[in-house]
Amino acid sequence: MCSLPVPREPLRRVAVTGGTHGNEMSGVYLARHWLQAPGDLQRPSFSATPVLANPAAAAACRRYMDRDLNRTFTSTFLTTKATPDDPYEVTRARELNQLLGPKASGQAFDFILDLHNTTANMGTCLIADSAHNVFAMHLCHHLQLQNPELSCRVFLYQQPGEESYAVHSVAKNGIGLELGPQPQGVLRADIFSRMRALVAAALDFIELFNQGVACPAFEVEAYRIAGTVDFPRTKDGDLAGTVHPRLQDRDFEPLQPGAPIFQMFSGEDVLYEGESTVSPVFINEAAYYEKGIAFIQAEKLTFSVPALPSLTPTPTPVP
């Protein structure tokens, strides 16, 4: 299934972005820390650049000021002529595109690692655009091998034919780390430490790749977005029920037809009416209420990832 070209040169320009959503505190405070003390991000062959992606939202401890920054890195937003009335996040996306891109150009950063928290019970989730990204799949596999106790699941968010819209799409390659559950505006020490360790492991993998280490082929399980489900609502659009207790906190677990998914305020249960078993993710995510999403339906799939060949050493110039 993987088919995108793999890097054939060392990755020298790497960025770690935190605070893309200003109330997801692990990334906010790691970015702020690394801007002052970047030693954790240094490796023999490169030094990763820390970026506080949405400083205005981070200062206000809000997800965003005007619109979701992590849905704003499409060509429509990045290439449209700027105006004084542009939403803050559109302006900021263009600034980040200049800093870390330009998107889809040879001048773009080699890799972006984007840091997120979720209020849902997602555990440690590795987010990539698609299964066709060989390098990203190998990095995810490395994180899984290094952290077997975390059950690092891979979630593929890009739908067929859809342009990648996340901040890491500005670079030639990238993934997102999604850790939870953690309330918005709250910093938990355990999740902060876990995210810090995962960033270190990801940078270590890039260093191994730069040093010429080859990675064998493997089989991987991943979860690919298949659709979304909204809450039950009144005719005026208000909530008429909430996530059922038997579904709450069961992210990535199989959801079978006929299982309860919502509990109406009037008391009755709403059952899942799909024709096949799916894996719900981002169940009752606080940030998705405004998007009309109670949970995302994902399909679990297994596919082969080809070997990641070692880089050819660069000949040393003869004096």
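Residues numbered from 1 in each chain as written. Predicted model: local features only at pLDDT ≥ 70, side-chain atom pairs only at ≥ 80, totals over all residues. Heavy atoms only, no water.

Where an unreviewed UniProt entry is consulted, the protein appears under the name N-acyl-aromatic-L-amino acid amidohydrolase, with the organism given as Prolemur simus.

Undergrad: What's the story with the overall build of the protein in this structure? I'm lost.
TA: Regarding its fold elements, the protein presents six helices and 14 strands. The C-alpha atoms of the protein give 20 Å as radius of gyration, which agrees with the globular expectation for 319 residues (20 Å, within 12%). Based on the C-alpha atoms only, the size of the protein along its principal axes is roughly 80 × 50 × 40 Å. Looking at the protein residue by residue over its 319 residues, the buried ones come to 52%. Taking the contacts inside the protein whose residues are at least 6 apart along the sequence as the reference set, 74% of them involve residues at least 24 apart. Summing over all exposed atoms, the protein offers an accessible surface of approximately 14300 Å²; the carbon and sulfur share of this is 53%. Here the protein contributes 25 positively and 34 negatively charged side chains, and the mean placements of these two sets differ by 5 Å. (Helix = DSSP H or I, 4+ residues; strand = E, 2+ residues; numbered from the N terminus. Rg over C-alpha atoms; globule rule 2.2 N^0.38 Å. Buried < 20%, exposed > 50% of the residue type's maximum accessible area, 1.4 Å probe, protein only. Contact = heavy atoms within 4.5 Å. Areas by Shrake-Rupley, 256 points an atom, 1.4 Å probe, with all protein chains shown as cover. Lys, Arg positive; Asp, Glu negative; His and termini not counted. Charge placed at Lys NZ, Arg CZ, Asp CG, Glu CD.)

Undergrad: For this particular structure, what's the right way to read the UniProt feature "active site" (unreviewed entry) in the protein?
TA: Using the residue numbers shown here, the UniProt feature "active site" (unreviewed entry) corresponds to Glu178. Tracing the backbone through its elements, the reader meets Glu178 in strand E8 (residues 174-179). In contact with Glu178, other than residues within four places in its own chain, are His116, Asn117, Thr118, Gly123, Thr124, Cys125, Ile127 and Phe282. A polar atom in the side chain of Glu178 sits 3.5 Å from the backbone nitrogen of Thr118. (UniProt positions renumbered as here; feature names shortened; annotations may be inferred. Polar contact = N/O pair within 3.5 Å; in protein donor to acceptor, adjacent residues only side chain to side chain.)

Undergrad: It is not clear to me how the environment of Gly19 should be interpreted in this structure. Could you clarify?
TA: Considering the arrangement of structural elements, one finds Gly19 in the loop between strand E1 (14-18) and helix H1 (25-36). Residue class for Gly19 comes out buried when judged on its relative accessible area of 1%. Distance in space between the C-alpha atoms of Gly19 and Glu221 is 29 Å, their sequence separation being 202 residues. Excluding residues that lie within four positions of it along the chain, Gly19 makes contacts with Gly27, Val28, Leu52, Ala53, Asn54 and Leu115.

Undergrad: Please explain the UniProt feature "domain: Succinylglutamate desuccinylase/Aspartoacylase catalytic" (unreviewed entry) in the protein as it appears in this structure.
TA: Sites flagged by UniProt as "domain: Succinylglutamate desuccinylase/Aspartoacylase catalytic" (unreviewed entry) map to residues 11-206. Secondary structure content for residues 11-206 is 34% helix and 18% strand, while the C-alpha to C-alpha distance between its ends is 7 Å.

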